[in-house]
Amino acid sequence: MTVDTSKSYDYVIIGAGIIGLTIARELKHREPGSHIVILEKENRPASHASGRNSGVLHAGFYYTANSLKAQFAKEGNRLLRAYCEEHGLAMNRCGKLIVAANEEELDGLEELKRRGEVNGVELVWLSEEEAAVVDPNARTYRRALFSPTTVTVDPLQVCEALRRENEEKGVEFVFNCPYSDYKDGKVRAGNRSFPCRYLINAAGLYADQIAHPLGFGRQYTIIPFKGIYLKYAKNKTDIRTNIYPVPNLGNPFLGVHFTKTVDGSIKIGPTAIPALWRENYSGLSRFKLGEFLSILYYESLLFLTNSFGFRRLAWQEMKKYIKSNFIRLSMKLSRGIDPNGFGEFGKPGIRAQLLNKQTLELVQDFVIEGDRRSVHVLNAVSPAFTCSMPFAAYVVDFIAEQRQAGGMES
């Protein structure tokens, strides 16, 4: 679509990931006549986290009831499953087993079941024998939980469908258009100027850098974590369902697990390796000295203070670069898997994790800040893909409230 940069827009959205795409969709649903443009620094949607995630639509039982994650995950799962059905997008309805390694982890399963009940999410207790019916190669201690509403999708396929739907409704896209600044009601990006009534910052890894000059999120910074999966190349049949361990609920990472992808393939992962710059995918690609120095400073602070057990986390995660160790961790969840049947590491993704600079704690829930001129999605951590549709409605509600409070038309 050709963009007329001489005209004024009602909304300029920075970032064509799942959050930017669903916010545009929600705005068009409420304001069909609005003029919206999405600016994206890459040449297509979902080039970063949205297109590199596992594709698992989480059911919503991990999260405490007072969190936004709990509020949005169950409904987001339902809405995205319905969206895939409506648009003929691929889905693997294989469910998820959460298994225990020992007596202590049975308590963790109990806590997950309690959270599921509070959040209204279906979870089924299974004995070892019943778990073996779901997946003969799943390994658990005495009991397991089964989540029937967990499915896997193709995240790139979903994002492309959202792009097409948005374009059909008149949303404009400009690719290869990196953001520069926002001043006097104009967004400068890609050597162009986009006059707008409202700026929506859904820039993921760079959301904090866009927000800070505008006065938002200054107590936070993004710390990137690299997630890598390892594909099981031998076959697609040795694992039938997603198999997850009992997570450490004190940090936002779910541990190494088996994922059954939308096409039936099997992979293990992801890692949560502290990255040294924001797009630290491989080698020195996209290296930026300023980012490196800033991130190294905060990671050094985390190491020295050992906030949230960072030393142990960093050491454990770095060891996952050793393929044999990565495979060994997955063997705790399964039997009958050939350790020699794994192939190569897949395309890495970077998780944009918000850090509170004062407390040196990772922020584990969604965070948005804004006013009558702009809104900033500062933390859209996992399961943001699952939560995207109800979260987009929440953001648009926030925009309406801010503009109304500022005496502007909705």
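Residues numbered from 1 in each chain as written. Predicted model: local features only at pLDDT ≥ 70, side-chain atom pairs only at ≥ 80, totals over all residues. Heavy atoms only, no water.

*Asks:* Even after reading the chapter, I still don't get the pairing of strand β7 (residues 143-147), so can you show me in this structure?
*Replies:* Looking along a regular strand, one sees side chains alternate from face to face of the sheet. With four of five residues buried, β7 lies mostly within the body of the structure. Note: strand β5 (residues 96-99) against β7, four bridges, orientation antiparallel. By the bridge assignment, Ile98 is partnered in β7 with Leu145. Sheet topology note: the strand β6 (residues 124-127)/β7 ladder contains four bridges and is antiparallel. Among the inter-strand pairings, Ser127 is bridged to a residue of β7, identified as Arg143. (Buried < 20%, exposed > 50% of the residue type's maximum accessible area, 1.4 Å probe, protein only. Helix = DSSP H or I, 4+ residues; strand = E, 2+ residues; numbered from the N terminus. Pairing = 2+ DSSP bridges.)

*Asks:* I keep staring at helix α3 (residues 68-86) and nothing clicks. Help me out?
*Replies:* Spacing of three or four residues puts side chains on the same side of an α-helix, whose turn is 3.6 residues. With 19 residues, α3 extends 26 Å from end C-alpha to end C-alpha; this agrees with the ideal 27 Å at 1.5 Å per step. Where α3 bends most, the angle comes to about 25°, and this point is Gly76. Those residues of α3 not exposed but buried are Leu68, Lys69, Ala70, Phe72, Ala73, Gly76, Asn77, Leu80, Arg81, Tyr83 and Cys84. (Expected span 1.5 Å × (residues − 1). Bend = angle between axes of the 7 residues up to and from the residue.)

*Asks:* Got a minute to help me understand the packing of aromatic side chains in this structure?
*Replies:* How two aromatic rings sit relative to each other is set out by the distance from centre to centre and by the angle between their planes. Considering all chains together, one arrives at 17 aromatic pairs under this definition. Note on Phe366 and Phe391: the rings are 4.7 Å apart at their centroids and 25° apart in plane angle, and the pair reads as stacked. You can see Phe366 sitting in the loop between β21 (361-362) and β22 (367-370) and its partner Phe391 sitting in helix α11 (residues 384-405), a full 25 residues away along the chain. Pair check on accessibility: Phe366 and Phe391 agree, each one buried. Joined through ring pairs, the aromatic side chains of Phe72, Phe366, Phe391 and Tyr394 make up one cluster. (Phe/Tyr/Trp six-rings, centres within 6.5 Å; stacked < 30°, edge-to-face > 60°.)

*Asks:* How should I be thinking about the side chain of Thr386 in this particular structure?
*Replies:* Along the chain, the position of Thr386 falls in helix α11. Since its relative accessible area comes to 1%, Thr386 is described here as buried. Sequence-distant contacts of Thr386, that is, excluding residues within four places in its chain, are made with Val56, Leu57, His58, Ala73, Gly76, Asn77 and Leu80. (Contact = heavy atoms within 4.5 Å.)

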